[in-house]
Amino acid sequence: MGLELLAGRRVLGVGRRGKFMIAPLDEDLELILHLGMTGSFRFDLEDPHVRAKLSLDDGRTLSFRDVRRFGRMAVVESGDYGGIPTLKMLGPEPLTDDFDPDRFAAKLKRTSAPIKPYLLSQRPVAGVGNIYADEALWLAWINPTSRAVGKARAHALHAAINEVLGAAIEREGTTFSDYAMLDGESGRNADFLIAYGRAGTPCPRCRTPLRKITLGGRGTTYCPKCQRR
DNA sequence: AGCTTGTCCTGACTGC
DNA sequence: TGCAGTCAGGACAAGC
């Protein structure tokens, strides 16, 4: 399976699972796209960081801009995700009935990893990255290093994930530098973040300065008082 | 099997 | 001003 299979294919639609875009193609193929950290698509964009161009049959070009080159693109047979392990093991979609509080709690009970890296694995729920993991854990009063999240706290975290993602989507996402809407407009959620990127500022609940640690190789900000272990 | 760590890459920012 | 060091929204491969 290679990208050369893309030439001449008809794009039947564009869907999404977690942070993966999935475009069904004719010939029972799928185009899988991941933006990585800094990827974006824009029509007819000319830019030094444009890494790929998809020529469409209406004459337009869809440019893939990807500064850090962490983005990925692949053509696979429909549903054949063996070469894309995170997609293969991807958890249920948040903000849908598939994301069930009891099943979520059962998964958290089964793992021995700290809760935050486990969330970032995409296995308990799809689509939660570093920003929203910090925000949801703060909202649910859960320490990011906790390896024992019981049922009640799992249910609180389930609700917090839906709340944090739902609010961010309403504000069209969180922009620091690269992330943008198709028209280039920034998302407005960055101004509403409570934990992520706000180490040293007072916790809105208890006024304790938020603390930053490294956990699973990722920057992690939390309140040492109301997210106590 | 699943957790943990290091790596991919460029750019922006900090501190000397 | 210049340069080295650090950090950044993600996923994967290779350790154990």
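Below you will find a few notes about this structure. (Residues numbered from 1 in each chain as written. Chains lettered and ligands numbered in written order. Predicted model: local features only at pLDDT ≥ 70, side-chain atom pairs only at ≥ 80, totals over all residues. Heavy atoms only, no water.)

1. Description of the sheet that holds strand 7 (residues 72–77)
Threshold: Only strands that DSSP links by at least two bridges are regarded as paired with each other. Working definition: helices are DSSP H or I runs of at least four residues, strands are E runs of at least two. Numbering for both runs from the N terminus. Note on definitions: angles span 0 to 180 degrees between N-to-C directions of axes, and those axes are lines fitted to C-alpha atoms, for helices only across the stretch in contact.
Reading across from one edge, 1-2-3-7 is the order of the 4 strands in this open sheet, with antiparallel pairing throughout. Two strands lie at the open edges of the sheet, namely strand 1 (15–17) and strand 7, each paired on one side alone. Pairwise comparison of adjacent strand axes, ignoring direction, gives a mean angle of 25° for this sheet. The pairing of strand 1 with strand 2 (residues 20–25) spans 3 bridges and is antiparallel.

2. Brief notes about the environment of Lys109
Note on placement: Lys109 falls in helix 2 (residues 101–110). C-alpha separation for the pair Lys109 and Ala148, spaced 39 residues apart in sequence, amounts to 6.9 Å.

3. As for the protein's contact with DNA strand B
To keep it simple, the criterion reads: Residues are classed as near a molecule or strand on a simple rule: at least one heavy atom within 4 Å of it. Any pair of nitrogen or oxygen atoms within 3.5 Å is treated as a polar contact; in protein, a donor-acceptor pairing is required on top of that, and neighbouring residues in sequence qualify only through side-chain atoms on both sides.
Taken together, His49, Val67, Arg68, Arg69, Phe70, Thr111, Ser112, Ala113, Pro114, Arg123 and Arg147 make up the full set of residues adjacent to DNA strand B. Atoms of DNA strand B within 4 Å of the protein: sugar and phosphate make up 69%, bases the balance. The separation between a base oxygen of DNA strand B and a polar side-chain atom of Arg68 is 3.1 Å. Between DNA strand B and Thr111 there is a distance of 2.4 Å, counted from a phosphate oxygen to a side-chain nitrogen or oxygen.

4. A short note on the pattern of salt bridges
Quick note on the threshold: A pairing counts as a salt bridge when a side-chain nitrogen of Lys or Arg comes within 4 Å of a carboxyl oxygen of Asp or Glu. Burial status follows relative accessibility: with a 1.4 Å probe on protein chains alone, a residue under 20% of its type maximum counts as buried, one over 50% as exposed, and anything between as partly exposed.
All told, the structure shown has 12 salt bridges when counted by the stated rule. Where Asp26 meets Arg9, a salt bridge forms, and the shortest distance between an N and an O atom there is 2.5 Å. With a gap of 17 residues between them, Asp26 in the loop between strand 2 and strand 3 (29–34) and Arg9 in the segment before strand 1 connect regions that are remote in the sequence. Look at Asp26 and you get partly exposed, because its relative accessible area is 24%. We note a salt bridge from Asp47 to Arg65, for which the minimum N-O separation is 3.0 Å. Of this pair, Asp47 sits in the loop between strand 4 (39–43) and strand 5 (50–55) while Arg65 is found in strand 6 (residues 61–66), placing the two residues 18 residues apart along the sequence. Under the relative-accessibility criterion, Asp47 is labelled partly exposed at 23%.

5. Here's the deal with the environment of Leu215
Our working definition: Residues count as neighbours in contact if any of their non-hydrogen atoms are within 4.5 Å of one another.
Along the chain, Leu215 turns up in strand 8 (residues 211–215). Taking C-alpha positions, Leu215 is 7.9 Å from Lys116, a pair spaced 99 residues apart along the chain. Beyond its immediate chain neighbours, meaning those up to four positions away, Leu215 contacts Pro114, Lys116, Pro117, Pro144, Thr145 and Thr220.

6. Digging into helix 4 (residues 130–139)
Within helix 4, 9 of the 10 residues are buried, leaving the element largely enclosed by the surrounding structure. The complete set of buried residues in helix 4 reads Asn130, Ile131, Tyr132, Ala133, Asp134, Glu135, Ala136, Leu137 and Trp138. Those residues of helix 4 that are buried are in contact with helix 3 (115–120), helix 5 (151–170) and strand 9 (218–222). Immediately beyond the C-terminal end of helix 4, within one or two residues, lies Trp141, with a positive phi of roughly 65°.

7. A look at the pairing of strand 3
Counting buried residues in strand 3 gives 6 out of 6 residues, a clear majority hidden from the surface. Of the two faces of strand 3, the one carrying Leu29, Leu31 and Leu33 and the one carrying Glu30, Ile32 and His34 are both buried. Direction of pairing for strand 2 relative to strand 3: antiparallel, over a ladder of 6 bridges. Bridge pairing links Leu25 to Leu29 in strand 3.

8. Concerning the nonpolar core
Spelled out, the test is: For the purposes of this section, nonpolar cores are sets of buried Ala, Val, Leu, Ile, Met, Phe, Trp, Tyr and Cys residues that join through side-chain atoms within 4.5 Å.
In this structure, Phe104, Leu108, Ile115, Leu119, Leu157 and Ile161 are the most contacted members of the largest nonpolar core, which totals 25 residues. Elements represented by at least two residues in this core include exactly helix 2, helix 3, helix 4 and helix 5. Here this core gets 7 residues from one element, more than from any other, and that element is helix 5. Discounting residues that sit within four places of it in the chain, Ile115 has contacts with Leu108, Leu137, Ile142, Asn143, Pro144, Ser146, Val149 and Leu157.

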